[in-house]
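Remarks on the overall topology
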Amino acid sequence: MEKEYLVGNLEELGKIAAKFAGEIKNGDTVALIGQLGSGKTTFVKEVCKYFDIHNVTSPSFAIVNEYENQIKIYHLDFYRIKNVNELVNIGYYELIQDEEAIKFIEWADLYSNVLPCKRINVKFEFKENNIRKIIIEKNE
Ligand SMILES: Nc1ncnc2c1ncn2[C@@H]1O[C@H](COP(=O)(O)OP(=O)(O)OP(=O)(O)O)[C@@H](O)[C@H]1O
Ligand SMILES: [Mg+2]
C-alpha cells in the first residue's frame, strides 16, 4: 500500500506527520530517503511532536540521537557513515533489533543492505514552486 502527498508548507507536513505517527508502532523502522534538504529531519521532528517530543535535531553529526517520552525513538543519519564497521561501533545492529523503539534512518538508501526487510520507506522529492512530494510505502 502506497501513499503520496504533495506538501507546500510545514503546516501541511504537520498533518501528514501526525497521521503517520498514529499509524506506526514500537519496533518499526522508517527509512527516510531523499536528497539534501528534502525534509527528512523536518518530517521526524513533526512526527515526534505527536509523541510530545520537542527537542529533535539533525543526527547528521551525532549519527544517532535517542529520544524517550511516551515512546522510545532512535533517530539515525547514515550520511557521514563511511563503512559498515562504523555501524557496528555506533551499536546499529543492537538498536535496530529493539522492538520497544521506533527507528528513523535518514539517508537509509546509502546502506540499504543493512536495513530490515520489514520497514516503511518515506521518500522525499522536490517539485516545482517549493512543493515536495512525499511517498510512503510499506516494504515487507
Ligand atoms: N514540507 C516542507 N515545507 C516547507 N519547508 C520544509 C518542508 N520540509 C522541510 N522544509 C525545510 O527545508 C529545510 C531542510 O529540511 P531538512 O533539514 O529536514 O532536510 P533533510 O532532508 O533532513 O536534509 P539533510 O539531507 O541535510 O539531512 C529546512 O529549513 C526545513 O524547514
Ligand atoms: Mg537531515
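As a starting point, this report considers the structure included with it. (Residues numbered from 1 in each chain as written. Chains lettered and ligands numbered in written order. Predicted model: local features only at pLDDT ≥ 70, side-chain atom pairs only at ≥ 80, totals over all residues. Heavy atoms only, no water.)

Considerations on the site of ligand 1
Near ligand 1 you find 15 residues, and of these Gly37, Gly39, Lys40, Thr41 and Thr42 are the closest. Between ligand 1 and Thr41, the relevant distance is 2.9 Å, taken from an oxygen atom to a main-chain nitrogen or oxygen of the residue. Residue Arg132 places a side-chain N or O atom 3.1 Å away from an oxygen atom belonging to ligand 1. Contributions of two or more residues to the shell around ligand 1 are made by helix H1 (10–23) and helix H2 (40–50). It is H2 that contributes the most residues to the shell around ligand 1, three residues altogether. Class assignment of the residues belonging to the shell around ligand 1 gives a composition of five nonpolar, seven polar and three charged. (Near = heavy atom within 4 Å. Polar contact = N/O pair within 3.5 Å; in protein donor to acceptor, adjacent residues only side chain to side chain. Helix = DSSP H or I, 4+ residues; strand = E, 2+ residues; numbered from the N terminus. Nonpolar A, V, L, I, M, F, W, Y, C, P; charged D, E, K, R; others polar.)

Structural notes on the environment of Tyr50
Assignment of secondary structure puts Tyr50 in helix H2. The class for Tyr50 is partly exposed, based on a relative accessible area of 44%. Distance in space between the C-alpha atoms of Tyr50 and Lys82 is 33 Å, their sequence separation being 32 residues. Not counting the four nearest positions on each side in its chain, Tyr50 is found in contact with Ala18, Ala21, Gly22 and Gln70. (Buried < 20%, exposed > 50% of the residue type's maximum accessible area, 1.4 Å probe, protein only. Contact = heavy atoms within 4.5 Å.)

Looking at the packing of aromatic side chains
Going through the model one piece at a time under the given rule, you end up with seven aromatic pairs. Measuring from ring centre to ring centre gives 5.3 Å for Tyr50 and Phe51, while their planes differ by 85°; the resulting arrangement is edge-to-face. Centre to centre, the rings of Phe78 and Tyr111 are 5.7 Å apart; their planes meet at 85°, and the pair counts as edge-to-face. One end of the pair, Phe78, is in the loop between strand E4 (72–77) and helix H3 (84–89); the other, Tyr111, is in the loop between strand E5 (101–106) and strand E6 (119–126), and 33 residues separate them in sequence. Note on accessibility: Phe78 and Tyr111 belong to one class, buried. Through a chain of ring-to-ring contacts, three or more aromatic side chains come together here, namely Phe78, Tyr92, Tyr93 and Tyr111. (Phe/Tyr/Trp six-rings, centres within 6.5 Å; stacked < 30°, edge-to-face > 60°.)

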